[in-house]
Amino acid sequence: MRNRCYLLLIVLIFSCAPSEKSTKRAITIDFSQPQKQLVPFWTATGFSPAQMVGQNEMKDVLRDIGELPDKGLGYIRPHYLLNLITVQQLASETPRYDWSRLDAVLDEIVNNDLKMIFELMGTPSNTVDINDYSTDFDNLENPEQIHLWKKFVTDLALHLESRYGKETIRSWYFETTNEPDLDFFWKYDVATFLNYYDACSEGLREADANLRFGGPGTANDLQPVFKELLAHCDSGINFFTGKQGVRLDFISVHMKDDPYDMLKRELTTVGYIRKNHPKFTELPFINDEADPMAGWSRDFWWRRGAWYAAFVAQNIDVHQKKLIDSAKVNYTFQSNDHAFMGGWHARTTHALFYNPKDSTQYRLVPKPVLTVMDKIAELGDTYIDVDIPKDMQRYFGVMATLKGKDSLVLMVYNKTDFDANTHDPEVDMPEPTTAQKELMKRQAVNLKLELRNIPFKAFSLTQYQIDQENTNPYETWVAMGSPKYPSEAQYEALLKKGKPEKIRELTSLKMENSAYATEVDLPSPAVSFLVLEKIKK
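In this report, the structure presented in the accompanying data block is examined. All values derive from a computational prediction rather than experimental measurement. (Residues numbered from 1 in each chain as written. Predicted model: local features only at pLDDT ≥ 70, side-chain atom pairs only at ≥ 80, totals over all residues. Heavy atoms only, no water.)

1. What about the sheet that holds strand β15 (residues 358-366)?
Pairing within the open sheet is mixed, and its three strands lie in the order β13-β14-β15. Lying at the two open borders of the sheet, with one neighbouring strand each, are β13 (340-342) and β15. Geometrically, the sheet is characterised by an average inter-axis angle of 40 degrees between neighbouring strands, direction not taken into account. Relative to strand β14 (residues 348-355), β13 runs parallel, the two being bridged by three bridges. Of the residues in β14, the one forming a bridge with methionine 341 is histidine 350. Those strands touched by helix α2 (residues 56-66) are β13, β14 and β15, and its axis lies near 20 degrees from that of β15. (Pairing = 2+ DSSP bridges. Helix = DSSP H or I, 4+ residues; strand = E, 2+ residues; numbered from the N terminus. Axes fitted to C-alpha atoms, helices over the stretch in contact; angles between N-to-C directions. Contact = heavy atoms within 4.5 Å.)

This is the structure:
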């Protein structure tokens, strides 16, 4: 019996030892290394449909996005903008447009100091009833209607410039209709899409040759419409000019996936472009729906807290280092398409509560996926490489940035390494599984950071963190009893908990032997920001 007990004790010791060892890690960051430029490619999001902006709650969402520091999110990409336009007698010399509903949406966006990724998506109607899409564009396969579409796009661009100014509109990105490889969005064939593309391109050019246009924003990788658009722009015949080649100012795709799997798919697409259309190699490359998975309204627990914030952090880190710097891709935007309004578990920047007694009253609580952009916006202009143990790279990383001469900003993330998608549209994931909970325990990191050759001798250190306990309004809401409509006092507490939470503040620190060491407890999932600022005499 005694021998059996000793044997059991030995088994327990050895079974626990690897787990204990894996939670304690040391990372060295040497700021004497060469600095690399940090490209702020994360500054876009989107939503659907555009008419949502007529709701006060969506106006509040746009206000919160616009108030992020240093334009943490600066571009907005709504669907179905053209459905907001009414036009009569388009084929005449003097078409009669009603731009008022479009103007109201764009005014709200522009007034929040946000710019547009303007999809030429939707169909202007003949009536003011937004649910009645009777239109002159009922058959874009008809060459006459392709010419009318070009005329319409020209008039649209001229109107936008007259209302918002040329400088503003030239800073926008005009894009093709959304996901033309899906019948749900594009009901015609590829040849008609190419004619539509030419009409959009030439229509914008006729209004202003400096307006940018590209696409196709396909939902699936290397679809025929994607390949044929690139071939058409490379060496095809322009429907309007009869000349070879059509302008392509940027290339856009939609790839929703885990950051590393997303990267692999993007590199495959970039490889196709470089091999088959080398003249497009240097064009801006955009993933303007770079979410973990499709289905914005589905019920997934990881959307409510730190995991989603850590996903964004890892996506930025991985793409900066491996796509921009290593693969030399001109990666211009990586957009999380999440500026919708919904519950804690939906793909939204805010949790939305309606008063059950008065549907005109509502509460909006920013979720960690929005709050994390507040601190990401404060990353420095340059960064240095950090060696991460190979067995941690799928879930853990550090972005060490330098902000001017007087401060350093470190982003440390721990994204629990599981597949966020059930891969079954009928099955959601409202709570973590037992396996996911065990993984969170194993992947929690007690990190010793050794910072060498900090560019100033005396400094302060402030640490902000997003995890289960900090910057997590969902857990506060649960502790309140999960109220269907928080009271005023509860709402104020939720808003306070939604702001970046400061968990440590140290002053009058100094390096010893050209180094400074500190510990960071990083649960799984979590994102931590360490801000070191020079103490000025």
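2. Describing the packing of helix α8 (residues 259-276) against helix α9 (residues 306-326)
Running from N to C, α8 and α9 cross one another at 35 degrees; their axes reach a closest spacing of 9 Å. Of the two elements, α8 crosses α9, and the hand of that crossing is right-handed. The residues of α9 that touch α8, namely those facing Pro259, Tyr260, Met262, Leu263, Glu266 and Leu267, are Phe311, Gln314, Asn315, Val318, His319, Lys322 and Leu323. The residue inventory of the contact of α8 with α9, partitioned by class, reads eight nonpolar, three polar and two charged. (Left-handed = near helix turned anticlockwise from the far one by under 90°. Nonpolar A, V, L, I, M, F, W, Y, C, P; charged D, E, K, R; others polar.)

3. Here's the deal with the nonpolar core
Counting residues in hydrophobic clusters, the biggest one holds 129 residues, and the most contacted among them are Leu102, Phe118, Leu120, Leu160, Phe174, Trp302 and Ile376. Counting residues per element, this core draws most heavily on α9, at 12 residues. For tryptophan 302, the residues in contact, after removing those within four places along its chain, are Pro292, Met293, Trp307, Tyr308, Phe418, Ala420 and Met429. Within the second largest apolar cluster, 30 residues are counted, among which are Ile29, Leu410, Leu447 and Phe459. (Core = buried A, V, L, I, M, F, W, Y, C linked by side-chain atoms within 4.5 Å. Buried < 20%, exposed > 50% of the residue type's maximum accessible area, 1.4 Å probe, protein only.)

4. Section: the sheet that holds strand β21 (residues 501-510)
The sheet built from seven strands is open, its strands ordered β2-β16-β17-β18-β23-β20-β21 with antiparallel pairing. Two strands bound the open sheet, and with one partner strand each, they are β2 (36-37) and β21. Across eight bridges, strand β18 (residues 407-414) lies against strand β23 (residues 526-534) in antiparallel orientation. Of the residues in β23, the one forming a bridge with valine 409 is valine 531. Across the sheet, α9 is in contact with β2, β16 (382-384), β17 (396-403), β18, β20 (458-466) and β23; its angle to β17 comes to roughly 70 degrees.

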